[in-house]
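# Survey of secondary and tertiary structure
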Amino acid sequence: MVKLNLKDIESSLNELKGWKFENDTLVKDFLFKDFSNSVKFLTMVQPVADSLDHHPDVCIFYNKVRVTLTTHDEGGVTDLDVKLAKKLDELAKLFEY
Ligand SMILES: C[C@H](O)[C@H](O)[C@H]1CNC2=NC(N)=NC(=O)C2=N1
């Protein structure tokens, strides 16, 4: 796991879709058709996060899922956060609204 500096983070954001860097975290709001799809998305996120042993902080607002990524053990954004963000973008393509 490698802590990323601002330059790394900014270049990583170019490979991601709709993520912002704020308060030393990567944040994105995923929009879905309804609450059921928000929950379905997180159900698909769970095995991916467990396989990386790296987990998102999430908040569901009906059809919007706000995902915040940071590496708690490192107190900031690492390569694992970027890796997970990419996987979440791929998952969301399956049924993002
Ligand atoms: C014990 C377990 O490996 C650690 O607590 C893992 C779990 N998932 C994690 N997820 C995130 N986002 N940051 C961590 O530091 C982290 N640590």
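This text follows the structure it describes.
Residues numbered from 1 in each chain as written. Predicted model: local features only at pLDDT ≥ 70, side-chain atom pairs only at ≥ 80, totals over all residues. Heavy atoms only, no water.

## Considerations on the nonpolar core
Inclusion rule: Definition used in this section: a nonpolar core is a set of buried Ala, Val, Leu, Ile, Met, Phe, Trp, Tyr and Cys residues joined via side-chain atoms within 4.5 Å. Throughout, exposure labels follow a simple rule: accessible area from a 1.4 Å probe, protein chains only, divided by the maximum for the residue type, with under 20% read as buried, over 50% as exposed, and the rest as partly exposed. Secondary structure counts use DSSP, requiring at least four H or I residues in a row for a helix and at least two E residues in a row for a strand, with both numbered from the N terminus. Contacts are assigned to residue pairs with any non-hydrogen atoms lying within 4.5 Å of each other.
Core analysis: the biggest nonpolar cluster contains 22 residues, and W19, L26, F30, F41, L69 and L88 have the highest contact counts within it. Sorting elements by how many residues they give to this core places helix α3 (residues 79-93) first, with six residues. Once residues lying within four places of it in the same chain are set aside, the contact partners of L26 are I9, L13, L16, W19, K20, F21, V67, T68, L69, V77, D81 and V82.

## Some words on the pairing of strand β3 (residues 57-61)
Basically, it comes down to this: Note: two strands are recorded as paired if DSSP finds a minimum of 2 bridges between them.
As defined by bridge partners, β3 adjoins strand β4 (residues 64-69) across five bridges and the pair is classed as antiparallel. Residue pairing in the sheet places C59 in a bridge with R66 of β4.

## Topic: the packing of aromatic side chains
Formally: Aromatic pairing here means that ring centres of Phe, Tyr or Trp (its six-membered ring) are within 6.5 Å. Orientation follows from the plane angle: under 30 degrees is stacked, over 60 is edge-to-face, and everything else is tilted. Here, a charge over a ring means that NZ of Lys or CZ of Arg falls within 6 Å of the ring centre while also lying within 35 degrees of the ring normal.
Scanning the model with the defined rule gives six aromatic pairs in all. Geometrically, the ring pair formed by F30 and F41 is tilted, given 5.0 Å between the ring centres and 35 degrees between the ring planes. Highlighted residues: F30 in strand β2 (residues 25-31) and F41 in helix α2 (residues 35-52), separated in sequence by eleven residues. Overall, the relative accessible area of 0% leaves F30 in the buried class. Every member of this aromatic cluster is reached through a ring pair, and the members are W19, F30, F32, F41 and F95. The ring of F61 carries K64 above its face, with NZ or CZ at 5.2 Å from the centroid.

Structural measurements only, silent on function.
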